[in-house]
Structures are given as structure tokens and as C-alpha cells.
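Fold and geometry: a report
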Amino acid sequence: MTAARTSALALSGIAAAKRAAVRRPAVSRTAAVVSIAGAVLALSGCAPTDEGIVIEGADGQKYVIPDNAERPMYDSKEACIADVTAQIQQLEAQGETIADKPEDLCESSEAYPQAHYAHPWLGPIIFAGSRWNSPNVAGWSGVPTAGFAAPGAKLQPDVVSPAPAGAAAGERAPLKSGFGSSGKSGFGSSVGG
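Residues numbered from 1 in each chain as written. Predicted model: local features only at pLDDT ≥ 70, side-chain atom pairs only at ≥ 80, totals over all residues. Heavy atoms only, no water.

So, about the overall build of the protein chain. Helix and strand counts for the protein chain stand at five helices and ten strands. Taking contacts inside the protein chain between residues at least 6 apart in sequence as the whole, the part at least 24 apart equals 75%. A total of about 10,600 Å² of accessible surface is found on the protein chain, and carbon and sulfur atoms cover 53% of it. (Helix = DSSP H or I, 4+ residues; strand = E, 2+ residues; numbered from the N terminus. Contact = heavy atoms within 4.5 Å. Areas by Shrake-Rupley, 256 points an atom, 1.4 Å probe, with all protein chains shown as cover.)

As C-alpha cells, then:
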């Protein structure tokens, strides 16, 4: 191979792709608005599921949630809001545009009629395998044991779907329209990954 004298090294493969990506203007990237659950799931390398299990919410309605969905627990609503805010800031620093408001994702377990929790405040519902490491989280709770959908609470449409008519608790059912496409208000309006 004949090499021409140059003052710069030629890059190939991944290094060239990375360098080319760095040269692109930041505005060329289309920003997708995502939920914290969707962003954490995508960054953890997990894939969303198409179906889940039917459980009854604290409002008496039946919903489909993904298997092994979890919620972080906190010692106060302020601790929940501070931690969820920090998680959203970290995701935004990684280039995600998060639609969620921490105040909407932090609920008191006192609002659930049959609450038996060690910690009084619950954070957002997330997919299995998406836990974040934070000293502010007092513990993690499975959704069937931690309740959700207290009257007046905002549902998280990219994680929770209304159950099909006639579905019984414990049955398997599809998550409506797949991951992140529910039009209900609450936990984000669309998911990019």
C-alpha cells in the first residue's frame, strides 16, 4: 500500500463513524419525547413486552401491567420527587427528552386502601430490569404488592393498559397497542426506544 504524506491519520470503521457523528450538527437529530420508564428501559438494553398480567388497581378497575414491573419506594414524597428529578436530569444529559413530571410520578401509598408498606411513598412503575442505582431509593416493590391506580392518580400509559372487557385478575393479556402508544394522559405520550 502506498501512503501519501498527510498531517492527519485516516480513520476507518467505528472510529470513522464516531468522528463523522461528532461532526454532524446537533440540530440534525430528531428528538423523540419519551417517558422515564421507556428511556431507562432502552438504556438498560431490555426490550419491552407485548403482553402482561391482569391485576386490579386501587380504583377497582382491572389493568394489564408487564411481568415483574416494579416501583421504587421512598421515605417521603420530597425524596421521591428529588430522586425522580435527578433520574430525569441524567437521562436528559444522555440526550433523551423526557415528558414526565416528577410530581405526577410520586404517589403516597397511604392513598391505597390495603397498603402494607415499609415506606410511605411510591415512585414510577418501571419495567423489570430497569432499576436505577440511587441512595435515595429506600427499597423496590413489585407492583402487585405495591398497588397502583389510586383514585385521582395519573396512570402511566406506556407501562399500564386497561384490561380487556371480561378479563380476570391473574390472566395474561396484551398490553394495548404495544409499548408506549397509549393516548391516556400521565406517564409520557410517546416513546422513542
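From this point on, the discussion continues.
Tracing the chain through its elements places His119 in the loop between strand 6 (107-108) and strand 7 (121-122). A polar contact of 2.6 Å, which involves the side chain of His119, links it to the side chain of Asp75. Once residues lying within four places of it in the same chain are set aside, the contact partners of His119 are Met73, Tyr74, Asp75, Ser109 and Ala138. (Polar contact = N/O pair within 3.5 Å; in protein donor to acceptor, adjacent residues only side chain to side chain.)

Read across the open sheet, the four strands follow the order 9-3-2-10; overall the sheet is antiparallel. Two strands bound the open sheet, and with one partner strand each, they are strand 9 (161-162) and strand 10 (172-174). (Pairing = 2+ DSSP bridges.)

Counted according to the given criterion, the structure contains one disulfide. Here Cys80 engages in a disulfide with Cys106; their sulfurs sit 2.1 Å apart. Between Cys80 and Cys106 the disulfide shows an S-S torsion of about -85 degrees. By sign, it is left-handed. Pair noted here: Cys80 is in helix 3 (residues 77-93) and Cys106 is in the loop between helix 4 (102-105) and strand 6, with a separation of 26 residues, a long-range link. According to the relative accessible area criterion, Cys80 is buried, its value standing at 0%. Under the relative-accessibility criterion, Cys106 is labelled buried at 3%. (Disulfide = S-S within 2.5 Å. Buried < 20%, exposed > 50% of the residue type's maximum accessible area, 1.4 Å probe, protein only.)

On any regular strand, side chains alternate: one points to one face of the sheet, the next to the other face. By the criterion of burial, strand 4 (residues 70-74) is predominantly enclosed, with five of the five residues buried. Where burial is concerned, the two faces of strand 4 agree: the one with Glu70, Pro72 and Tyr74 and the one with Arg71 and Met73 are both buried. With four bridges joining them, strand 4 and strand 8 (residues 139-142) adopt antiparallel strand pairing. Bridged to Glu70 within strand 8 is Gly142. In terms of strand pairing, strand 4 meets strand 7 through two bridges, oriented antiparallel. Looking at the pairing, Tyr74 lines up with Trp121 of strand 7.

Taking 1.5 Å as the rise per residue, helix 3 with 17 residues should run 24 Å; its terminal C-alpha atoms sit 24 Å apart, in good agreement. Those residues of helix 3 lying buried are Cys80, Asp83, Val84, Gln87, Ile88 and Leu91. Down the axis of helix 3, the buried side of the element spans an arc of 135 degrees, and every buried residue falls inside it. Of the exposed residues in helix 3, the ones pointing more than 90 degrees away from its buried face are Glu78, Gln89 and Ala93. With its phi angle positive at about 100 degrees, Gly95 sits one or two positions after the end of helix 3. (Expected span 1.5 Å × (residues − 1). Arc of directions from axis to C-beta.)

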